[in-house]
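# Remarks on the overall topology
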Amino acid sequence: MIEINDVVVLGANGTMGAGSGEIFAAGGCNVVFLARSAEKAHEGLVTAQGLAKSQRLADRISVGTYGEDLEEAVAKADLIFESLAEDIELKKNFFTRVDRCRRPDSLVATVSSGLSIAEMAHGRSESFRRNFLGIHLFNPPNVIVGTEVIPHAGTDPSLVPEIVRLLEKRFGRIAIVTADKPAFAGNRVGFKVLNEVAILAEEFGVAFADYLIGPYTGRAMPPLATVDLVGWDVHKAIVDNVCANTNDEAHATFAMPAYMERLLAHGHLGNKTPERGGFYRRIKEGKQTVNLVLDPQTGAYKDLRDAPVWPIAFVEEMKRLNRIGRYRDAFRVFAETSSSEAELARRVILGYVSYGLNRVGENEVVGSARDVDRIMGFGFNWAPPTALVDVMGVRTTIRLLEAQHLPVPRVLQQAARHPDEPMFREPHVNIGRFFAG
């Protein structure tokens, strides 16, 4: 296994930088946190200590600045881990500096959530390009173990399985290998769903959309609350990247809604900007906290109590069945209910299954359905596509996909020849963890 003892984190004061550094330090590495100033780097250290809930983490972390410490720290490092803002020119400028002072055998990785790995390596030395790849951790990295490893065409092929093994055995990750395509696998599949729900919210309302596609359908949080958590700026960066650089069967669902563009231009970033909010906002009225919800039509916020979502019978029945572990019965209700709301929910959830499994193939993003399952299950904490197929039944799933005029993935056509064999085969995983009551 590759030996990694000394790590440098660039952008260590950011959420992903501090979280990544915490993982490396907790795994026994000596880590240097670099930022624009010593104060910023120290902020990252404090964040990492908080994530680890251990002051002793500082025993393995030192701090420094780009101006005074980068060259010396990089020259000693086995791994240079870049976690700067999602700005490809900024990253490339830092890689130029790194390339000048790194050892020829040191590894260089970016935590980018979807930018081109090949573009970042372009123009760098031969040894840099052979030892460069993406290691995409999900936020928060100390909790979410799903990880994508993304080589580019110039990455040493022998390095990839070694990195996967290192991440899994030493740092406790669940790692998959994806192609160097926009947003890789997890964000491409996940943000397709998130943006589709954001589009629906303009017609049906924010609270209704989050209720209809809520945790009972197989996700940790409602979709639009997830966008607020991630940040509207990050959401825009990902969907714009996919929209501009792909042209697949779901292309239209990656167009960011105009109402989000307008609000984003006025500083609405979700939870990052609590004073402006995102889909939701909280305000203080005296000693009471009031939850507000966005009206996408007007851009105004109103009290959630004045915009109630009335319970829908099939949703409530599915929640009840999920609570007692009858997931197949819950999704039988999902498949058989005849109503406009059920039709809308099936469009989104079956669209997720179709889109996710259609990313499997020789010229696609991943090599197997298990790769999509693992990154959606352990990167997004969503029910993996094949787990949904199993609870609905493969032939029922195909029938429902055809009714929605959605492409039937090849892996489903193959699975239909053996309908009694489960598709979700992740050992030691109870699918109940994905379905909320």
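Look above for the structure.
Below is a summary of the structure that appears in this document. (Residues numbered from 1 in each chain as written. Predicted model: local features only at pLDDT ≥ 70, side-chain atom pairs only at ≥ 80, totals over all residues. Heavy atoms only, no water.)

## Points about the packing of aromatic side chains
Two aromatic rings, taken as a pair, are described by how far apart their centres are and by the angle between their planes. Following the criterion strictly, the structure yields 18 aromatic pairs and no others. For the ring pair Phe-254 and Tyr-355, a centre distance of 5.9 Å and an interplane angle of 55 degrees mean the geometry is tilted. In this pair, Phe-254 is assigned in the loop between helix H11 (232-245) and helix H12 (258-265) and Tyr-355 in helix H15 (residues 340-357), connecting sequence segments 101 residues apart. There is no split in this pair, since Phe-254 and Tyr-355 are both buried. A connected cluster of aromatic rings, assembled from ring pairs, spans Phe-138, Phe-191, Tyr-352, Phe-380 and Trp-382. It is Arg-281 that lies over the ring of Tyr-301; its NZ or CZ is 5.4 Å from the centre. (Phe/Tyr/Trp six-rings, centres within 6.5 Å; stacked < 30°, edge-to-face > 60°. Helix = DSSP H or I, 4+ residues; strand = E, 2+ residues; numbered from the N terminus. Buried < 20%, exposed > 50% of the residue type's maximum accessible area, 1.4 Å probe, protein only. Lys NZ or Arg CZ within 6 Å of the ring centre and 35° of its normal.)

## Some thoughts on the sheet that holds strand E11 (residues 300-303)
Taken in spatial order, the three strands of this open sheet run E9-E10-E11, and their pairing is antiparallel. Since the sheet does not close on itself, it has two edges, and those belong to strand E9 (280-285) and E11, each with one partner. Between one strand axis and the next, the sheet turns by 40 degrees as a mean value, whatever way the strands run. (Pairing = 2+ DSSP bridges. Axes fitted to C-alpha atoms, helices over the stretch in contact; angles between N-to-C directions.)

## Notes on the environment of Ala-369
Examined against the element boundaries, Ala-369 turns out to sit in helix H16 (residues 369-378). By relative accessible area, Ala-369 is classed as buried at 15%. Counting along the chain gives 42 residues from Ala-369 to Val-411, while the straight-line C-alpha distance between them is 7.5 Å. Apart from the residues within four sequence positions on either side, Ala-369 is in contact with Leu-357, Val-360 and Thr-386. (Contact = heavy atoms within 4.5 Å.)

## Description of the packing of H15 against helix H18 (residues 394-403)
Viewed as axis vectors pointing N to C, H15 and H18 meet at an angle of 115 degrees, and their least axial separation amounts to 10 Å. The orientation of H15 relative to H18 falls into the category roughly perpendicular. As for how H15 packs across H18, the hand of that crossing is left-handed. On the side of H15, the interface is formed by Arg-346, Leu-350, Val-353 and Ser-354, while H18 contributes Thr-397, Leu-400 and Leu-401. A per-class count over the contact of H15 with H18 returns four nonpolar, two polar and one charged. (Parallel < 35°, antiparallel > 145°, perpendicular 65-115°, else oblique. Left-handed = near helix turned anticlockwise from the far one by under 90°. Nonpolar A, V, L, I, M, F, W, Y, C, P; charged D, E, K, R; others polar.)

## Quick word on unusual backbone geometry
For the bond from Asn-139 to Pro-140, the omega torsion is -5 degrees, close enough to zero to count as cis. Along the chain, Pro-140 falls in the loop between strand E6 (132-137) and strand E7 (146-151). Positioned with a positive phi, Lys-53 is a non-glycine residue whose angle comes to about 50 degrees. If you check the backbone angles, Phe-184 has positive phi at about 55 degrees while not being a glycine. Structurally, Phe-184 can be placed in the loop between strand E8 (174-177) and helix H8 (186-204). Given a relative accessible area of 0%, Phe-184 falls into the buried group.

Just geometry here; none of it tells us what the structure is for.
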